[in-house]
Each structure stands twice: as C-alpha cells, then as structure tokens.
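Structural overview
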Amino acid sequence: MVSRLSDAIKSLLGEPSISAKLNLAGFERAWSDAVGEIVAENSKVVKIFGNKLIVKTSGPAWRNELTMQKHEILIKLNEIQKKVIIKEITFI
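Now for a quick tour of the structure. (Residues numbered from 1 in each chain as written. Predicted model: local features only at pLDDT ≥ 70, side-chain atom pairs only at ≥ 80, totals over all residues. Heavy atoms only, no water.)

1. Points about the overall build of the chain
Each helix and strand in the chain was counted, giving five helices and three strands. Helices (α) and strands (β) of the chain occur, in sequence order from the N terminus, as α-α-α-β-β-α-α-β. Within the chain, contacts between residues separated by at least 24 positions form 51% of all contacts whose residues are at least 6 apart in sequence. Counting every atom, the chain has about 6,400 Å² of accessible surface; 58% of that belongs to carbon and sulfur. (Helix = DSSP H or I, 4+ residues; strand = E, 2+ residues; numbered from the N terminus. Contact = heavy atoms within 4.5 Å. Areas by Shrake-Rupley, 256 points an atom, 1.4 Å probe, with all protein chains shown as cover.)

2. What about helix α5 (residues 70-80)?
Within the span of α5, buried status applies to I73, L74 and L77. One side of α5 carries all its buried residues, which in axial view fall inside an arc of 105 degrees. For α5, exposure combined with an orientation more than 90 degrees from the buried face picks out H71 and E79. (Buried < 20%, exposed > 50% of the residue type's maximum accessible area, 1.4 Å probe, protein only. Arc of directions from axis to C-beta.)

3. Re the nonpolar core
Ranked by size, the top nonpolar core spans 16 residues in total, and within it W31, L53, V55, I73, L77, I89 and F91 carry the most contacts. Those elements that place two or more of their residues in this core are α2 (16-35), β2 (52-57), α5 and β3 (88-91). With residues up to four places along the chain from it excluded, the contact list for V55 reads W31, S43, K44, V45, V46, I89, T90, F91 and I92. (Core = buried A, V, L, I, M, F, W, Y, C linked by side-chain atoms within 4.5 Å.)

4. Brief notes about the pairing of β3
Only one face of β3 is covered, namely the one carrying I89 and F91; the face carrying E88 and T90 has none of its residues buried. Judged from the four bridges that link them, β2 and β3 form a sheet pairing that is parallel. Bridging from a neighbouring strand, L53 pairs with I89 of β3. (Pairing = 2+ DSSP bridges.)

5. Describing the pairing of β2
Where strand β1 (residues 43-49) and β2 come together, six bridges link them in antiparallel fashion. What sits directly across from K44, in β2, is K56. If you look at the hairpin formed by β1 and β2, you'll find two residues sitting between the two strands, and G50 has a positive phi there, around 60 degrees.

Dropping the structure here:
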C-alpha cells in the first residue's frame, strides 16, 4: 500500500512516546536559551508531565535558586517554546 509521506509522519508523531521525546528535546534546547549557559550546565530537563516540566539540578543550592526564579523562567520558556505551554516547573 502506498501512502503519502505527510500521512506517515502524522501517524508516526501520533505515537505518544515519539511525540513526548520530541517535546522533551525541544524543551532541552529552550531550557538552555531561557536560563543561560551557566544555569544550563547545572540543571537538566528530564521529563514533561502534561503542562509540568521536571528539571534535575546539580545540588540543593541550584534547586533553591531556580525555585526562586521559577516565574521568570516560566515566562521565558513559554515565549521561546510556543507549541507546549508549561504552567509548572518542579526542581529535583
């Protein structure tokens, strides 16, 4: 059976695991742009749960600092990444 390439791509992206991986990859790139190089070196986006972003930090000091800046980071992330709107960030 011959199908159009666009149909095959839509079908492939419809699979949750692939779609979730693409969203995660997009937020990994956006994270670095939103927080800057030094913060990005000490933190990593590890998961997306619906509208919630889970970020692992290199230690409690970074977790505390990023928690205090959460609102500003949310604004920057949502400006950079327009496809998925993040409403909450949890730092672990």
